[in-house]
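Close look at the chain arrangement
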Amino acid sequence: MSAGDPTRSAHRPAPLLAVAHGSADPRSSEAVERIFERVRALRPDLDVRTAYLDHAEPGAEAALTRLAADGAGEAVVLPALLTAAYHSRVDLPRLLERVSAAVPWLRIRYASTLGPHPWLLDAVERRLHETGVRASPDTSLVLASAGSSDPAANAVVARAAERLAARGPWRSVVPAFASMASPAPAQAVARLRAGGAPRVAVATYLLAPGLFSDRVRDQALSEGAAAVSEPLGDLPETAALALHRYTEALRTEPSFPRLPAR
């Protein structure tokens, strides 16, 4: 049976390939794998695979090419990222262009990034509750993300902080960024405490542990944060959201963002 043979995939749902950023820290890929193990448990009929843009294997291009070699005629590529920035707007589309040229029979549907979505805010609250922190008028919250060179991606995190504040009753909710933007987590915590907040908690708005989550925790605790939540990771909300993005992608025409000619 040849690659891309329609009889191979006619009665099977399109496979889901989740592409995460990747990290040299093995905790990161382990957390991503656990998320998509939960997705497989929710959809045992679905071929769910994971890949990475950097640092971890399999690479996204190799994984997508393997899907085509295994007989898939169609695939949904999910950027397993919390915001849409350079990786989802440039890196992945560029990679998909190469794969599409190499295996033109593979129809590629490009899903939206995981965030923003209200379910991620539910996940943030769940992780905070695990630390014993709940919204309270005497507690300020820092929503700490990775940060991006793209102001639009950072603005998404700022809006998420506003939405958490609206859920309340927090004293205040502010964004912070582990890299590329300000304020850093340490600055955000210090400002809130200097402004009179009796208690400051930090929500780690990252998908998986690694360098940035360690930086968030270390900086926040050094400035007197009362609690720092774990990255979102393997929660019911993240797995459900991955499947939601998959279903959304199936309702659209097979495509992915086209980059301008270089």
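Residues numbered from 1 in each chain as written. Predicted model: local features only at pLDDT ≥ 70, side-chain atom pairs only at ≥ 80, totals over all residues. Heavy atoms only, no water.

1. Quick word on the packing of helix α5 (residues 118-130) against helix α9 (residues 236-250)
Our working definition: To obtain an axis, a line is fitted to C-alpha atoms, over the contacting stretch when the element is a helix, and the angle between two such axes runs from 0 to 180 degrees between their N-to-C directions. Secondary structure elements are taken from DSSP: a helix is a run of H or I of four residues or more, a strand is a run of E of two residues or more, and numbering for both begins at the N terminus. For classification purposes, angles smaller than 35 degrees are called roughly parallel, those larger than 145 roughly antiparallel, those between 65 and 115 roughly perpendicular, and all remaining angles oblique. By the definition used in this description, the sense in which the near helix is turned from the far one sets the handedness, with an anticlockwise turn below a right angle giving left-handed and a clockwise turn giving right-handed. In what follows, residue pairs with any heavy atoms lying within 4.5 Å of each other are defined as contacts.
Closest axis-to-axis distance for the α5/α9 pair is 8 Å, and the angle between their directions is 165°. One element, α5, and the other, α9, form an angle in the roughly antiparallel class. Every pair of crossing elements has a handedness; the one defined by α5 and α9 is left-handed. Packed against α5, whose contacting residues are W119, L120, D122, A123 and R126, the element α9 presents P236, E237, T238, A240, L241 and H244 at the interface.

2. Some details on the nonpolar core
Generally speaking, nonpolar side chains in soluble globular proteins are found buried as a group. The line we're drawing: The definition of a nonpolar core used throughout is a set of buried Ala, Val, Leu, Ile, Met, Phe, Trp, Tyr and Cys residues joined through side-chain atoms within 4.5 Å. In this scheme, a residue with accessible area under 20% of its type's maximum is buried, one over 50% is exposed, and one in between is partly exposed, where area comes from a 1.4 Å probe on protein chains only.
Formed by 48 residues in total, the largest nonpolar core has its most connected members in F36 and L143. Considering each element in turn, this core owes the most residues, six residues, to α9. In this view, F36 contacts A18, V48, T50, L78, A80 and A242; residues no more than four positions away in its chain are not counted. With 19 residues, the next largest nonpolar core counts A60, A68, L96 and I108 among its residues.

3. Re the pairing of strand β6 (residues 172-177)
A regular strand carries its side chains on alternate faces of the sheet. The following threshold applies: We call two strands paired when DSSP finds no fewer than two bridges between them. Classification remark: right-handed applies to a crossover when, strands pointing away from the viewer, the course from the first strand over the helix to the second runs clockwise.
Sheet topology places strand β5 (residues 139-145) next to β6; six bridges connect them, and they run parallel. Paired with S140 across the two strands is S172, which belongs to β6. Following the backbone out of β5, through helix α6 (residues 151-167) and into the adjacent parallel β6, one traces a crossover that is right-handed.

4. Observations regarding the environment of E130
Relative to the assigned elements, E130 resides in helix α5. Separated by 99 residues in sequence, E130 and S229 have C-alpha atoms that sit 7.6 Å apart.

5. Concerning the confidence of the model for the protein
Operational definition: Here pLDDT means the predictor's own confidence in every residue, given as a number from 0 to 100.
On average, residues of the protein score 93 in pLDDT, and 93% of them are at 70 or above. This stretch, residues 1-9, has a pLDDT under 50; its non-local contacts, to residues over four places away or in other chains, come to 15 contacts.

6. Considerations on the pattern of salt bridges
Put simply, the rule reads: For this analysis, a salt bridge means a side-chain nitrogen from Lys or Arg found within 4 Å of a carboxyl oxygen belonging to Asp or Glu.
Considering all chains together, one arrives at 18 salt bridges under this definition. R109 serves as the salt-bridge partner of E74, at 2.4 Å between the closest nitrogen and oxygen. Of this pair, E74 sits in strand β3 (residues 74-79) while R109 sits in strand β4 (residues 107-110), placing them 35 residues apart in sequence. As far as the burial class goes, E74 and R109 line up, both buried. Taking the shortest distance from any N to any O, the salt bridge between R127 and E130 comes out at 3.0 Å. Here R127 pairs with E130, and both are found in helix α5, just three residues apart, close to one helical turn. Taken together, the shared-partner salt bridges connect D47, R49, R66 and D70 into one network.

7. Brief notes about the pairing of strand β1 (residues 16-20)
Most of β1 is tucked away, with five of its five residues classed as buried. Strand direction decides the pairing type here: β1 and strand β2 (residues 48-52), joined by five bridges, are parallel. Across the sheet, residue A20 finds its bridge partner in β2, namely Y52. Regarding the hand of the β-α-β motif, the stretch spanning β1, helix α2 (residues 26-42) and β2 is right-handed. Here four bridges tie β1 to β3, and the two strands are oriented parallel to one another. The partner of L16 across the bridge, within β3, is V76.

8. Things to note about helix α4 (residues 86-102)
Stated precisely, the cut-off is as follows: One less than the residue count of a helix, multiplied by 1.5 Å, gives the span that helix is expected to have.
When the terminal C-alpha atoms of α4 are compared, their 23 Å separation across 17 residues agrees well with the 24 Å that a helix rising 1.5 Å per residue should span. Three or more residues of α4 are buried, namely S88, V90, L92, P93, L95, L96 and V99. Check the buried side of α4 and you find it contacts β1, α3 (60-69), β3 and β4.

9. A closer look at unusual backbone geometry
Residue P116 is bonded to the preceding G115 through a cis peptide linkage, with omega at 0°. Mapped onto the elements, P116 comes out in the loop between β4 and α5. In this model, G168 is joined to P169 through a cis peptide bond whose omega is 0°. Structurally, P169 is set in the loop between α6 and β6. Look at M180: it is not a glycine, yet its phi comes out positive at around 70°. Within the secondary structure, M180 is located in the loop between β6 and α7 (185-194). A relative accessible area of 61% places M180 in the exposed class.

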